[in-house]
Amino acid sequence: MTKPQPLIAGNWKMNGLAASLSEAKAVAAGLTEITARVAICPSATLIAQMALALKGTSVAVGGQDCRAEASGAFTGDVAAEQLADAGASLVILGHSERRAGYGETDALVAAKVEAALRAGLEPIVCVGETLEQREAGEALAVVAAQVRGSLPAGLSGRAYSVAYEPVWAIGTGLTPTTPEIEDVHRAIRAVLVDMFGEAGRAPPILYGGSVKPSNAVEILAADEVGGALVGGASLKAEDFLGIIRAGSPNGSR
Ligand code: PEP
């Protein structure tokens, strides 16, 4: 069965200056015969410039987080409306670096997802187990609970994706085996269908965690893998394009 159009999203994290926009432009220039949907999520400081630089290309721009409130006295935070105003069309929410580093709970992530929808942004909602949880045999239960807690009912029928990112695979060079990825992705799909009925079959379930050109073909071909969320390897256009091509089996390789 052919897979629906995959989404390959780059998470630049706290990397990149104005000079790095050349990498984003090189990605856009390299997207010939590409069937995947592509997005880059830079720091908030770069969103407006990147949206301008990529105007007229098929690369979308996204944020890496947003505040749940639309405005107010929240020094240093960014509202979903501000991301959209700067030119973003997507936003990563609930990344494990925010869950762990800023104590973000499933309920807070769900409130941020509501904010993204309110602002017309497409949320990429991250979930994933720690190494301790995997070793204790709790991966499926932990991820299922995160999906239930982080996705508000308002998502039904809206464009969004879930990114399965095992915490122990992020930035480490380690990845789960393909059957392990498939087990978790199938479990996430089952939860989505349980929560949203048939509409739960539509959103792509991305895999994230040490995806690189050399492992992307196998990962992206796996059952229920509908794209990738890419950290380190999205910073260099050549590497990111290698992953994008792996996710575009009908396009150039
Ligand atoms: C991420 O942080 O979203 C991520 C997947 O990072 P990396 O690809 O560097 O493991």
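Above: the structure in question.
So, a few notes on the structure that sits alongside this text. Remember, predicted model here, so these are calculated numbers, not experimental data.

A side chain with one charge may pair with a side chain of the opposite charge, provided their charged atoms come close. Evaluated as defined, the whole model comprises 17 salt bridges. Note that R37 is salt-bridged to E122, the shortest N-O span being 2.8 Å. Of the two residues, R37 sits in strand 2 (residues 37-41) while E122 sits in strand 5 (residues 122-127), which places them 85 residues apart along the sequence. Of the charged contacts in the structure, one is a salt bridge between R148 and D194, with a shortest N-O distance of 2.9 Å. Pair noted here: R148 is in helix 7 (residues 139-150) and D194 is in helix 8 (residues 178-196), with a separation of 46 residues, a long-range link.

Compared with an ideal rise of 1.5 Å per residue, which puts 13 residues at 18 Å, helix 5 (residues 106-118) spans 18 Å between its outermost C-alpha atoms and is within 8% of the ideal. When we look at burial in helix 5, the residues that qualify are V109, A110, K112, V113, A115, A116 and L117. Contact partners of the buried residues in helix 5: helix 3 (80-86), strand 4 (90-93), helix 4 (96-102), strand 5 and helix 7. Directly after helix 5, the chain includes G120, whose backbone phi takes a positive value near 80°.

Turning to the packing of aromatic side chains, a few remarks are in order. A complete count under the given rule lists two aromatic pairs for this structure. We note R98 situated over the ring of Y102; from NZ or CZ to the ring centre the distance is 4.1 Å.

Moving on: helix 8. With 19 residues, helix 8 extends 26 Å between its outermost C-alpha atoms, agreeing within 8% with the 27 Å of an ideal straight helix rising 1.5 Å per residue. Residue G197 follows helix 8 closely and has a positive phi angle near 65°.

Here the focus is the site of the ligand. Neighbouring the ligand are 14 residues; K13, H95, E165, G171 and S210 lie closest to it. Between the ligand and K13 there is a distance of 2.5 Å, counted from an oxygen atom to a side-chain nitrogen or oxygen. In this structure, G171 approaches the ligand through a main-chain N or O atom, which is 2.7 Å from an oxygen atom. Considered on its own, the ligand offers 300 Å² of accessible surface; in the complex 95% of this is hidden by protein. In terms of residue class, the shell around the ligand is made up of four nonpolar, eight polar and two charged.

For D194, a relative accessible area of 55% corresponds to the exposed category. Considered as a pair, D194 and R148 are 46 residues apart in the sequence and their alpha carbons are 9.6 Å apart. A polar contact of 2.9 Å, which involves the side chain of D194, links it to the side chain of R148.

So, about the packing of helix 5 against helix 7. Packing of helix 5 against helix 7 leaves a shortest axis separation of 7 Å and a crossing angle of 45°. Relative to helix 7, helix 5 is oriented oblique. Across the interface between the two elements, D106, A107, V109, A110 and V113 of helix 5 pack against A145, Q146, G149 and S150 of helix 7. Residues of the contact of helix 5 with helix 7, tallied by class, amount to five nonpolar, three polar and one charged.

What counts, and at which threshold
- Residues numbered from 1 in each chain as written.
- Predicted model: local features only at pLDDT ≥ 70, side-chain atom pairs only at ≥ 80, totals over all residues.
- Heavy atoms only, no water.
- Salt bridge = Lys/Arg side-chain N within 4 Å of Asp/Glu carboxyl O.
- Helix = DSSP H or I, 4+ residues; strand = E, 2+ residues; numbered from the N terminus.
- Expected span 1.5 Å × (residues − 1).
- Buried < 20%, exposed > 50% of the residue type's maximum accessible area, 1.4 Å probe, protein only.
- Contact = heavy atoms within 4.5 Å.
- Phe/Tyr/Trp six-rings, centres within 6.5 Å; stacked < 30°, edge-to-face > 60°.
- Lys NZ or Arg CZ within 6 Å of the ring centre and 35° of its normal.
- Near = heavy atom within 4 Å.
- Polar contact = N/O pair within 3.5 Å; in protein donor to acceptor, adjacent residues only side chain to side chain.
- Areas by Shrake-Rupley, 256 points an atom, 1.4 Å probe, with all protein chains shown as cover.
- Nonpolar A, V, L, I, M, F, W, Y, C, P; charged D, E, K, R; others polar.
- Axes fitted to C-alpha atoms, helices over the stretch in contact; angles between N-to-C directions.
- Parallel < 35°, antiparallel > 145°, perpendicular 65-115°, else oblique.

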